[in-house]
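# Coordinates in review
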Amino acid sequence: MPVLSKPLSSITDLSRIYAAHRPLVQRGLTAGFVLYVLLASYQSVAARPPSKDIKNVPARDGKPARVAVDALFYQRLRVILRIVIPSIRSKEALLLVMHSSLLVFRTAISLYVATLDGKIVASLVRGRSVEFLLNIIRWLLVAIPATWTNSWLSYIQNKLAIAYRTRLTREVLEQYLGEKPETPDSKVYYKVSNLDDRIKNVDQMITHDIQRFSAHLAAIYSNLVKPTLDVILYNYQLSQNIGAEGLVLLTVLIQSSSALLRAVTPSFGTYTAQSAALAGSLRHTHSRLAEFAEEVAFFGGEDAEKEIIEKEYMTLVRHEEKVMARKWWYGCAEEGIVKWLWGSFGLVVCAIPVFFKLPGLSNTDLGSRTEGFVTNRRLLLSSSDAMGRVMYSYKDLAELAGYTARVSLLLDTMSDIRNGKFQKNLLASALEGENSKIMNSRGQVFEAEDIQFENVPIVTPNGDVLLKSLTFNVQPGEHLLIVGPNGSGKSSLFRILGGLWPVYGGTVRKPPASDFILIPQRPYLSLGTLRDQVIYPHSQEQMKARGISDANLLAILAVVGMDSVVEREGGWGVTREWREALSGGDQQKIAWARLFYHNPKYAILDEATSLVPPDMEGKMMDKATTLGITLLTVSHRPSLWKYHSTILQFDGQGGYVFTQLNADKRLSLQEEKEELQGKLLEVPKLKSRLAELRLLADPQSNKAQ
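Below, the structure is looked at part by part. (Residues numbered from 1 in each chain as written. Predicted model: local features only at pLDDT ≥ 70, side-chain atom pairs only at ≥ 80, totals over all residues. Heavy atoms only, no water.)

## Overview of the overall build of the chain
Basically, it comes down to this: To qualify as a helix, a DSSP run of H or I must reach at least 4 residues; to qualify as a strand, a run of E must reach at least 2; elements of each kind are numbered from the N terminus. The cut-offs for exposure are 20% and 50% of the maximum accessible area for each residue type, with area from a 1.4 Å probe on protein chains only; residues under the lower value are buried, those over the upper are exposed, and the others partly exposed. We call two residues contacting when some pair of their heavy atoms lies within 4.5 Å. Computed by Shrake-Rupley with a 1.4 Å probe, the accessible areas treat only the displayed protein chains as cover when residues are assessed.
Counting its secondary structure elements, the chain contains 24 helices and 12 strands. Considering the chain as a whole, with its 705 residues, one finds that 42% of them fall into the buried category. Across the chain, contacts joining residues at least 24 apart in sequence account for 77% of those joining residues at least 6 apart. Looking at the chain as shown, the accessible area adds up to about 38200 Å², and 58% of this sits on carbon and sulfur atoms.

Next up, the structure:
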């Protein structure tokens, strides 16, 4: 007995010491719990260091790089946050402050409702009708600020999403379309699709991906900050009711089970990024069919296009089915742990004050015990829900990481393009020998009145070197005719003049891009009125600021024989799909009217009169010459030669000739060439006829033979 009494007395002494110092221990445990929740919340969303920087690492084996909540994600997010929240005085920052205040207020209301819920049940158990009715009145009164707060939270979250999207869209469009088209880093909208292979569906990124990113970013704040605050406040109040010891026990049990949940969590960020990319690819396939519907119809390519679309669709469906299967298993584990397992833990903890007498807690009668149990149960359910949302926040962060990767790719690609850095799949020949040296070098571009190329290579975006060195000069007023076979470098030359393609060597002197206007064989007609087609890209206000009226535009249309189109289509302000309303020849005439309206120093004509009658072609060329526009013309029509003084002829084998053009002499040579070619075509027929005549003229010798 003495041996057993000593340990028992020690336990009794420890219990007495613990009871005497319990308030201090309670405060220590509660403070430790708050620090633990903050640390656990931080660790749940903190950066996982990636194995390596995968920012510019291409996908392997056809699979995209894994997207995760790691240091790279936070690096990307930090850059985008500077765009959507530019300062603490911005509208977005004010909305965040309002959102935070409402979140705290809603948590305070929830705490009051939990206490009021217990009082209502206690008044029922005690049979106090007046107290019950008063509590019901309090319940109805608290519903007014509660519903108001919930509606405001939803409204401000949507306002935040729109504000984020507006800021980000403006920044992207400023880089994509640019406010200063004369700078070397401009025309990103062209280069991102033609000189770089990283983005295949930029339209989806600017519209859908930015919208989804903004919505997720606005939601992640309330989905992360509010649950963390709820966990702290609910559990603090719970510790006052059941003691901090039960809170510590509950925390240990929850964290042990949550480790299992983390182990089975799929990579939702990667799935989100892949889904967005596959959906964009499917949309791009449909848009290509709409764009080239006429060509497909003439070829009868419906089956081939259907097969392509079905292949893209099935790829998307298989991916979504795989994601749904993963989410199904994850949902089972998530609900089983968060709802049912954690719920059973909570019931056990709520029962502690009922079955055990705790120092400082007095639940003497049935009503008090019922009130305590209901209140604690309500607090525990709210805390469990908040803890579950903290757990879910990692899934939300993973999805946000997917959209962040897409938006960041768009921003990084545009930034690289503005700095002259492109990622393009090159031909094998571009990586060998002299071609490799050309691809790794850059030329110089200077602004000048004339056009001068000095030892400039003509290189396509995929590394095909069409000419290793081109030298020529065009003075204002010297019209240049450019001829050569397809793929010899004619259009490539124009793209360099327009600042669309980089210069890989030599020196280019040329006027700014605003001094050039391009008229292709199939002109661009914008969405807008008939007036907009002539003055594009000017607005009506800009037209009036130049002192030009609709009467002046009608006179310009009369020059190209299109003045009747105004009355025929219903006036200057009518809006149509002009590519369908106008024939090919009328579209070319509208493009020439646009040229005469802008009256630039230089005009690039790429088969610009191929659908226009010869008499109208001559009138338009004469008008351009009269206005002092220097013409750079690609055409196979001999009728245009007389309007040009120089010729640049490509042979398609990497060679060229630049010389003065004598139109009369060239026409006579052309006629002689065609005459000789015609005679050569008659030679086989003449030989055959000669053989027949010989047989008829000497039949006797043929018989002897």
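Picking up after the structure, the text goes on.
## A few points about the sheet that holds strand S11 (residues 646–650)
Selection criterion: Any two strands between which DSSP finds at least two bridges are classified as paired. Each axis is a line fitted through C-alpha atoms, and for a helix only the stretch in contact is used; angles between axes span 0 to 180 degrees, taken between their N-to-C directions.
A sheet is described by the order of its strands in space; here six strands give the open sequence S6-S9-S10-S4-S11-S12, paired in mixed fashion. Across the chains shown, the open sheet's two edge strands, defined by having one partner strand only, are strand S6 (516–519) and strand S12 (656–660). Neighbour-to-neighbour, the strand axes of the sheet open up by a mean angle of 15°, direction not taken into account. In this structure, strand S4 (residues 480–483) lies alongside S11, joined through four bridges in parallel fashion. Across the sheet, residue isoleucine 482 finds its bridge partner in S11, namely leucine 648. Contacting S6 and strand S9 (602–606), helix H21 (residues 584–598) runs over the sheet at an angle of about 170° to S6.

## Side note on the pairing of S11
Looking along a regular strand, one sees side chains alternate from face to face of the sheet. Counting buried positions over the five residues of S11 gives four, a clear majority of the element. In the sheet, S11 pairs with S12 via five bridges, with the strands oriented antiparallel. Residue pairing for S12: isoleucine 647 is matched across the bridge by threonine 659. Between S11 and S12, which pair antiparallel in sequence order, lie five residues; one of them, glycine 652, sits at a positive phi of approximately 80°.

## Considering the side chain of threonine 630
Put simply, the test is: Polar contacts, as counted here, are pairs of nitrogen or oxygen atoms within 3.5 Å of one another; within protein the pair requires one atom able to donate a hydrogen and one able to accept it, and residues that are adjacent in sequence qualify only if both atoms are side-chain atoms.
Mapping threonine 630 onto the fold places it in strand S10 (residues 630–634). For threonine 630, a relative accessible area of 1% translates into the label buried. Separated by 2.7 Å, the side chain of threonine 630 and the backbone nitrogen of glycine 477 make a polar contact. Once residues lying within four places of it in the same chain are set aside, the contact partners of threonine 630 are Val474, Gln475, Pro476, Gly477, Glu478, His479, Lys601, Tyr602 and Ala603.

## Some thoughts on the pattern of salt bridges
Our working rule: Salt bridges are counted wherever a side-chain nitrogen of Lys or Arg sits within 4 Å of a carboxyl oxygen of Asp or Glu.
This model, assessed by the stated rule, comprises 14 salt bridges. A salt bridge links glutamate 92 to arginine 167; the shortest N-O distance between them is 3.0 Å. Within this pair, whereas glutamate 92 is found in helix H4 (residues 91–126), its partner arginine 167 is found in helix H5 (residues 129–176), the two being separated by 75 residues in sequence. Overall, arginine 167 belongs to the partly exposed group, its relative accessible area being 31%.

## What to know about the packing of helix H3 (residues 71–84) against H5
Heads up, the condition is: Roughly parallel here means an angle under 35 degrees, roughly antiparallel means over 145, roughly perpendicular means 65 to 115, and every remaining angle is called oblique. Amino acids outside the nonpolar list (Ala, Val, Leu, Ile, Met, Phe, Trp, Tyr, Cys, Pro) and the charged list (Asp, Glu, Lys, Arg) are all regarded as polar, and Gly is one of them.
Closest axis-to-axis distance for the H3/H5 pair is 8 Å, and the angle between their directions is 100°. The angle between the axes of H3 and H5 places the two elements in the roughly perpendicular class. Note on element contacts: H5 touches H3 through Tyr164, Arg167, Leu168 and Glu171, opposite Ile80, Ile83 and Val84. Tallied by class, the residues present in the contact of H3 with H5 amount to five nonpolar, no polar and two charged.

## Notes on H4
Worth spelling out the cut-off: A helix is expected to span 1.5 Å multiplied by its residue count minus one.
Under the 1.5 Å per step criterion, the end-to-end length of H4 is 53 Å for 36 residues, consistent within 8% with the ideal 52 Å. Trailing H4 by a residue or two, glycine 127 shows a phi angle of about 75°, which is positive.

## Side note on the environment of threonine 166
Within the secondary structure, threonine 166 is located in helix H5. It is 9.3 Å that separates the C-alpha atoms of threonine 166 and glutamine 211, two residues lying 45 residues apart in sequence. Of the polar contacts made by the side chain of threonine 166, one reaches the backbone oxygen of isoleucine 162; its length is 2.8 Å.

## Overview of the sheet that holds strand S2 (residues 451–459)
Sheet architecture is open: four strands sit in the order S1-S5-S2-S3, paired in mixed fashion. The two strands at the open ends of the sheet, each matched to only one other strand, are strand S1 (444–447) and strand S3 (465–474). Within the sheet, the average angular offset between the axes of one strand and its neighbour, ignoring direction, is 25°. In the sheet, S2 pairs with strand S5 (residues 507–510) via three bridges, with the strands oriented antiparallel. Within S5, the residue paired with phenylalanine 453 across the bridge is valine 508. Contacts from helix H15 (residues 490–497) reach S2, S3 and S5, with the element oriented near 120° to S2.

## A look at a nonpolar patch on the surface
We count it as follows: For patches, a residue must show more than 30% relative accessible area and have no salt bridge; joins then use 9 Å for like charges and 5 Å for nonpolar side chains, namely Val, Leu, Ile, Met, Phe, Trp and Tyr.
Taken together, the side chains of Leu94, Met98, Phe105, Trp148, Trp152 and Tyr155 define a hydrophobic patch exposed on the protein surface, amounting to about 610 Å² of accessible area. Of all the secondary structure elements, the ones that give two or more residues to the nonpolar patch are H4 and H5. Take leucine 94: it is sitting in helix H4. According to the relative accessible area criterion, leucine 94 is exposed, its value standing at 52%.

## Re the pairing of S3
Judged from the six bridges that link them, S2 and S3 form a sheet pairing that is antiparallel. When the sheet's bridge partners are listed, valine 456 is paired in S3 with leucine 470. Connecting S2 to the antiparallel partner S3 that follows it, the hairpin turn spans five residues, and glycine 463 within it adopts a positive phi of roughly 90°.

## A look at the packing of aromatic side chains
Note the cut-off: Put simply, two rings from Phe, Tyr or Trp (the six-membered ring, in Trp's case) pair if the centres are within 6.5 Å, and we call them stacked under 30 degrees between planes, edge-to-face over 60, tilted for the rest. As a reminder, the over-ring test applies to NZ of lysine and CZ of arginine, requiring each to be within 6 Å of the ring centre and within 35 degrees of the ring normal.
On inspection of all chains with the given rule, the structure shows 10 aromatic pairs. With 5.8 Å between their ring centres and 55° between their planes, phenylalanine 472 and phenylalanine 658 make a pair best called tilted. Of the two residues, phenylalanine 472 is situated in strand S3 and phenylalanine 658 in strand S12; the sequence distance between them amounts to 186 residues. Take phenylalanine 472: its relative accessible area is 3%, and that puts it in the buried class. Judged by centre distance (5.3 Å) and plane angle (25°), the rings of phenylalanine 516 and tyrosine 602 are stacked. Of this pair, phenylalanine 516 sits in strand S6 while tyrosine 602 sits in strand S9, and the two are 86 residues apart along the sequence. Pair check on accessibility: phenylalanine 516 and tyrosine 602 agree, each one buried. Geometry around tyrosine 597 places arginine 546 over its ring, the cationic atom sitting 4.6 Å from the centre.

These figures capture arrangement, not role.
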